Amino acid sequence: LGVGALIAFFLIFDKDFQTSLTYRAKEFIALIGMGLVMIPIIFFHSTPELLNYFRLMVVVGTGALILCADNNTFLGTFLSSKLLVYVGLMSYSLYLLHQPLFAFLRIGSISEPATSSYLMMMAITFIAAYFSLKVEHFFRDHQKISSKKFISVLIFSLTVCLASGLVFTQTY
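All residue numbers refer to positions counted from 1 along the written sequence of the respective chain. Note on the predicted model: pLDDT of at least 70 is required for a residue's local features to be given, and 80 or more for side-chain atom pairs to be given and counted; whole-chain, interface and lining totals, by contrast, use all residues. By convention in this description, side-chain values take in all heavy atoms of the structure and omit both hydrogens and water.

1. Section: the nonpolar core
Looking at soluble globular proteins, one finds that nonpolar side chains tend to be buried together. Counting residues in each nonpolar core, the largest one holds 11 residues, listed as Ile 7, Phe 17, Leu 21, Ala 30, Met 34, Val 37, Leu 65, Leu 67, Cys 68, Ala 69 and Leu 75. Secondary structure elements are defined from DSSP: runs of H or I of at least 4 residues count as helices, runs of E of at least 2 residues count as strands, and each element is numbered from the N terminus. Counting only elements with at least two residues in this core, the list comes to α3 (23-43) and α4 (51-68). In this view, Ile 7 contacts Gly 63, Ile 66 and Leu 67; residues no more than four positions away in its chain are not counted. Residues belong to a common nonpolar core when they are buried Ala, Val, Leu, Ile, Met, Phe, Trp, Tyr or Cys residues joined through side-chain atoms within 4.5 Å. Per-residue accessibility, obtained with a 1.4 Å probe over protein chains only, is compared with the maximum for each type, and a residue is labelled buried under 20%, exposed over 50%, and partly exposed between these values. By definition in these notes, contact holds between two residues if any of their heavy atoms fall within 4.5 Å.

Now the structure itself:
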């Protein structure tokens, strides 16, 4: 987060930086950045003692991508494709949904679930994240739902959650 902010400040003060780089230089720096991001993904499990170096590589690589991967570079065009952007929009929902879904899969299985079960749960996670994104977009559209309606739905939802928590945690 801090590196991205520093790059933003740098680009505000040096507006000509990106235009001063040649196409090949931008492409090379972006490619190095993507490599720095991919190396920890590939080698993460084989060398856990290098975790801090891997984190640094991802931060530096992402900074290089932010700085140089614009729409004029191959990587910039690839990373801004509609499919990858849509998966990026779904990423927070994917992050929130995958853990409980995979936990329930493991809890509900007598032994370690099969690979096919994990793949099926991945598909279910993506479908649930897709619908979650649709709901999010609906609530963000101020023409479809007013602030008053949103607050009403929010208060109702919180009331239902609190009431169900009180009812279902009672021991007799």
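2. So, the side chain of Thr 125
Looking at the element boundaries, Thr 125 is found in helix α7 (residues 115-140). Given a relative accessible area of 4%, Thr 125 falls into the buried group. Within the local environment of Thr 125, its side chain forms a polar contact with the backbone oxygen of Met 121, the two atoms lying 2.7 Å apart. For Thr 125, the residues in contact, after removing those within four places along its chain, are Leu 94, Leu 97, His 98, Leu 101 and Phe 102. Between N or O atoms, a polar contact is any pair within 3.5 Å; within protein, one atom must be a potential hydrogen donor and the other a potential acceptor, and residues adjacent in sequence are included only when both atoms are from side chains.

3. Structural notes on the packing of aromatic side chains
For Phe, Tyr and Trp, where Trp contributes only its six-membered ring, two rings pair if their centres lie within 6.5 Å, and the inter-plane angle classes them as stacked under 30 degrees, edge-to-face over 60, or tilted in between. In this structure the tally under the stated criterion is 5 aromatic pairs. Each ring, one from Phe 102 and one from Tyr 118, has its centre 5.8 Å from the other, and the planes form 15°; the classification is stacked. With Phe 102 in helix α6 (residues 82-107) and Tyr 118 in helix α7, the pair connects residues that are 16 residues apart, well separated along the chain. Both residues of the pair, Phe 102 and Tyr 118, belong to the buried class.

4. Brief notes about the confidence of the model for the protein
Confidence per residue, as judged by the predictor, is encoded in pLDDT with a range of 0 to 100. The predicted model of the protein has a mean per-residue pLDDT of 87, with 97% of residues at 70 or higher. When the elements of the protein are averaged for pLDDT, helix α2 (residues 17-20) gives the smallest value, 77, and α6 the largest, 92.

5. Focus: the side chain of Lys 26
Note that Lys 26 resides in helix α3. The contact partners of Lys 26, leaving out residues within four places of it in the chain, are Gln 18, Leu 21, Cys 68, Asp 70, Asn 72 and Thr 73.

6. Focus: the packing of α6 against α7
At a minimum axis separation of 8 Å, α6 and α7 run at an interaxial angle of 135°. Relative to α7, α6 is oriented oblique. In this structure, the crossing between α6 and α7 has a hand that is right-handed. Axis geometry follows a simple rule: fit a line to the C-alpha atoms, using only the stretch in contact for helices, then measure angles between N-to-C directions, giving values from 0 to 180 degrees. With respect to orientation, any angle under 35 degrees is reported as roughly parallel, any angle over 145 as roughly antiparallel, any angle of 65 to 115 as roughly perpendicular, and every other angle as oblique. Each helix crossing is assigned a hand: it is left-handed if the near helix lies turned anticlockwise from the far helix by less than a right angle, otherwise right-handed if that turn is clockwise.

7. Structural notes on the packing of α3 against α4
Two elements in contact, α3 and α4, have axes whose closest approach is 8 Å; the angle formed by their N-to-C orientations is 150°. One way to sum up the angle between α3 and α4 is to call them roughly antiparallel. Crossing angle aside, the handedness with which α3 passes α4 is left-handed. Of α4, the residues touching α3 (which contributes Lys 26, Ile 29, Ala 30, Gly 33, Met 34, Leu 36, Val 37, Ile 39, Pro 40 and Phe 43) are Phe 54, Met 57, Val 58, Val 60, Gly 61, Thr 62, Ala 64, Leu 65 and Cys 68. When grouped by side-chain class, the residues that make up the contact of α3 with α4 number 15 nonpolar, 3 polar and 1 charged. In this count, Pro and Cys sit with the nonpolar residues alongside Ala, Val, Leu, Ile, Met, Phe, Trp and Tyr, while Asp, Glu, Lys and Arg are called charged and the others, Gly among them, polar.

8. A few points about α4
A helix is expected to reach a length of 1.5 Å times the quantity of its residues less one. Between its first and last C-alpha atoms α4 spans 26 Å; for 18 residues at 1.5 Å apiece the expected length is 26 Å, and the two agree. Within α4 the residues assigned to the buried category are Phe 54, Gly 61, Gly 63, Ala 64, Leu 65, Leu 67 and Cys 68. On its buried face, α4 sits against α1 (2-13), α2, α3 and α5 (74-79).

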